[in-house]
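Spelled out from the first residue to the last, the chains are:
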Amino acid sequence: MAPIRDQSPTALPELHGYGLRLRPWDETSGADVETWLCGMRDPEFRRWNTPLRLVTDRASARESLLARAQSAVEGTSVSFRVADARSDTALGHIGVNEIKYHMKVARVGYWVLPEARGQGVATRALLLATRWAFGELGLHRLELDHAFGHDVSCRIAERCGFAYEGTLRGAIFQEGRHDAFRDAHLHARLTTDPEPEAGGETWA
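Residues numbered from 1 in each chain as written. Predicted model: local features only at pLDDT ≥ 70, side-chain atom pairs only at ≥ 80, totals over all residues. Heavy atoms only, no water.

### Focus on the packing of aromatic side chains
Argument step 1. Counted under the stated rule, the structure contains six aromatic pairs.
Argument step 2. Centre to centre, the rings of W25 and W36 are 5.1 Å apart; their planes meet at 75°, and the pair counts as edge-to-face. Linking W25 in the loop between β2 (20-24) and α1 (30-41) with W36 in helix α1, this pair joins segments that are 11 residues apart in sequence.
Argument step 3. On the basis of relative accessible area, W25 is assigned to the buried category, the value being 9%.
Argument step 4. Taking the relative accessible area as the measure of exposure, W36 reaches 0% and is therefore buried.
Argument step 5. Ring-pair connections join several aromatic residues into one group, and the members of that group are W25, W36, F45 and W111. (Phe/Tyr/Trp six-rings, centres within 6.5 Å; stacked < 30°, edge-to-face > 60°. Helix = DSSP H or I, 4+ residues; strand = E, 2+ residues; numbered from the N terminus. Buried < 20%, exposed > 50% of the residue type's maximum accessible area, 1.4 Å probe, protein only.)

Here is the structure:
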């Protein structure tokens, strides 16, 4: 497969599996912009994540999606809208970010809309995106970090085969601040690691 940077936006992948449909976000879609805004403004998201540029309204949401579309064209990241495979109801987001082809490494991140939590969405999306990143992008290592204390994200990472590797001191912004930092847990999975099964009552 050619690197993402050599593809047009319309050629970006659509992934199917585990009852989900993952497709690139569309910054020209009003529904996508609204979903992105809802996710970015969710209090639980903001508790654990502080983006460099905050999304507060439809204009900033569209600008944020435009930046992600440009990153996909440049081959540095791909951002997927996560939806139910049957109804196409939006459920959340997952991204394969900071892609470094020379080192065959990238970082993954995700969020789930409040009404879709407790259904295994993040687990299933992470399994699907990981399989694609290893198989289609030819990556060797995927990293995942989350704020210290975010136990739900920790369980999702481990359930998807991302082993805990340690604590990154002062690695991410404090909640709602760009002038203070907090620790993060680092997880990672290698393409040589066994792929876990998707399923179970403890999906989150």
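### A few points about the pairing of strand β4 (residues 90-100)
Argument step 1. For β4, the tally of buried residues reaches nine of 11 residues, placing the bulk of the element in the interior.
Argument step 2. Sheet topology places strand β3 (residues 78-84) next to β4; six bridges connect them, and they run antiparallel. Within β4, the residue paired with V82 across the bridge is G92.
Argument step 3. Hairpin geometry of β3 and β4 is characterised by an intervening segment of five residues between the two adjacent antiparallel strands and by a positive phi of about 65° at D88.
Argument step 4. In this structure, β4 lies alongside strand β5 (residues 105-112), joined through seven bridges in antiparallel fashion. By the bridge assignment, K100 is partnered in β5 with V105.
Argument step 5. Where β4 hands over to β5, the hairpin turn is made up of four residues, of which K104 adopts a positive phi near 55°. (Pairing = 2+ DSSP bridges.)

### Side note on the environment of L113
Argument step 1. One can find L113 in the loop between β5 and α4 (121-135).
Argument step 2. Separated by 60 residues in the primary sequence, L113 and R53 have C-alpha atoms spaced 20 Å apart.
Argument step 3. Setting aside residues no more than four positions away along its own chain, L113 makes contact with T35, C38, G39, A90, L91 and G92. (Contact = heavy atoms within 4.5 Å.)

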